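# Descriptive analysis of the structure
Chain by chain, the residues run as shown.
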Amino acid sequence: MEKDSKFRLVLALLLPTVLVGVGIRGLHHAVAAFVLYIVGGCLVGPWWILGARPLRGHQGWTFRGVGGDRLWMHAGAWLVIGAGLVGLYLLLSPWLLDPAEVAARLESLGWPRQGQAFLLVGFVLVVPVAEEWWWRGQALPRCRRAFGDRKGIGVSVLAFSAYHVVVLGELYEPSSVMIRMIAIAGGGWIFSGMAAHTQGWRWSWSSHFAADLAIVAAFLLLVAPAI
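Definitions and limits used
Residues numbered from 1 in each chain as written. Predicted model: local features only at pLDDT ≥ 70, side-chain atom pairs only at ≥ 80, totals over all residues. Heavy atoms only, no water. Axes fitted to C-alpha atoms, helices over the stretch in contact; angles between N-to-C directions. Helix = DSSP H or I, 4+ residues; strand = E, 2+ residues; numbered from the N terminus. Parallel < 35°, antiparallel > 145°, perpendicular 65-115°, else oblique. Contact = heavy atoms within 4.5 Å. Nonpolar A, V, L, I, M, F, W, Y, C, P; charged D, E, K, R; others polar. Phe/Tyr/Trp six-rings, centres within 6.5 Å; stacked < 30°, edge-to-face > 60°. Buried < 20%, exposed > 50% of the residue type's maximum accessible area, 1.4 Å probe, protein only. Lys NZ or Arg CZ within 6 Å of the ring centre and 35° of its normal. Core = buried A, V, L, I, M, F, W, Y, C linked by side-chain atoms within 4.5 Å. Patch = residues over 30% accessible without salt bridge, like charges linked within 9 Å, V, L, I, M, F, W, Y side chains within 5 Å. Areas by Shrake-Rupley, 256 points an atom, 1.4 Å probe, with all protein chains shown as cover. Salt bridge = Lys/Arg side-chain N within 4 Å of Asp/Glu carboxyl O.

### Describing the packing of helix 5 (residues 116-147) against helix 7 (residues 174-198)
Interhelical geometry of helix 5 versus helix 7 gives an angle of 75° and a closest axis separation of 10 Å. Classified by the interaxial angle, the pair formed by helix 5 and helix 7 is roughly perpendicular. In this structure, helix 5 uses Glu132, Arg136, Leu140 and Arg144 to contact helix 7, whose residues at the interface are Gly188, Phe191, Ser192, Ala195 and Ala196. Residues of the contact of helix 5 with helix 7, tallied by class, amount to 4 nonpolar, 2 polar and 3 charged.

Written as structure tokens, this is what we have:
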């Protein structure tokens, strides 16, 4: 890969974190950060910088890939990642968050009480698709070509994890952020392994959907009553 192409790839990898920072730190608005991240960072940005048309497999991996996946693979991921994450979150909740404090911080970032259900549904339906197409379907194979197989996975996971630091730092205490970042980086490695195994992003999308559904369930159980 040419140097200028590698430069554009790095720029595309950094853009999501920059846009989230604009939304959270600049505009102080959670919904704005969400829209900037999904639309600009995961869809339009890669298209503009790399020529990767949203949800297409150009120079990356297609949805299903070539390795194939089976129903039992999805069911197993849902059981381990989805149900396991809810149980783990509830178990560690005393160390992860103060519901009233998180609710107050969310409201300071413009979290709408009336439109909360719409945002949560949008989060579950939109985020796994946009993120898996970009981070596993496009960024991962491009990083592997640019930096090598192992290092490329590390670079893509690092970039995927980076924007979470900006968001979580506004909502939680440092110790809680550290615990969450370990889980997020681990999830990034797992999803990357799934995508690399099938050379597609359907399996990782399904698993990511289960993870985000678990996050929303934990939010409804722990934080929503305090809003």
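Let us keep going from here.
### A look at the packing of aromatic side chains
Each aromatic ring pair is summarised here by two numbers: the centre-to-centre distance and the angle between the ring planes. For the coordinates displayed, the defined rule picks out 9 aromatic pairs. With 4.8 Å between their ring centres and 70° between their planes, phenylalanine 63 and tryptophan 201 make a pair best called edge-to-face. Pair noted here: phenylalanine 63 is in the loop between helix 2 (30-50) and helix 3 (71-96) and tryptophan 201 is in the loop between helix 7 and helix 8 (202-222), with a separation of 138 residues, a long-range link. Take phenylalanine 63: its relative accessible area is 35%, and that puts it in the partly exposed class. On the basis of relative accessible area, tryptophan 201 is assigned to the buried category, the value being 6%. The interplanar angle of 65° and the centroid separation of 5.7 Å between the aromatic rings of phenylalanine 63 and tryptophan 205 together place this pair among those described as edge-to-face. Linking phenylalanine 63 in the loop between helix 2 and helix 3 with tryptophan 205 in helix 8, this pair joins segments that are 142 residues apart in sequence. Here the aromatic residues Tyr37, Trp134, Trp135, Phe160 and Tyr163 are joined through ring pairs into a cluster of three or more. The ring of phenylalanine 160 is capped by arginine 136, whose NZ or CZ atom sits 4.4 Å from the centre of that ring.

### Regarding the nonpolar core
Within the largest apolar cluster, 51 residues are counted, with the highest numbers of intra-cluster contacts made by Leu13, Trp134, Trp135 and Tyr172. Every element with two or more residues in this core is listed here: helix 1 (3-26), helix 2, helix 3, helix 4 (99-108), helix 5, helix 6 (149-171), helix 7 and helix 8. Examining the composition of this core, we find that 11 residues originate from one element, helix 5, more than from any other. Membership of the second largest hydrophobic core comes to 7 residues, among which are Met73, Ala77, Phe191 and Met194.

### Observations regarding the environment of alanine 130
Topologically, alanine 130 is positioned in helix 5. What makes alanine 130 buried here is its relative accessible area of 3%. C-alpha of alanine 130 to C-alpha of tryptophan 48: the two residues are 82 residues apart in sequence and 15 Å apart in space. The residues touching alanine 130, leaving out its near neighbours within four places in the chain, are Ile38, Cys42 and Leu43.

### What about a nonpolar patch on the surface?
A cluster of nonpolar side chains, namely Val10, Leu14, Val18, Val22 and Leu27, defines an oily patch on the protein surface of about 410 Å² accessible area. Note that valine 18 resides in helix 1.

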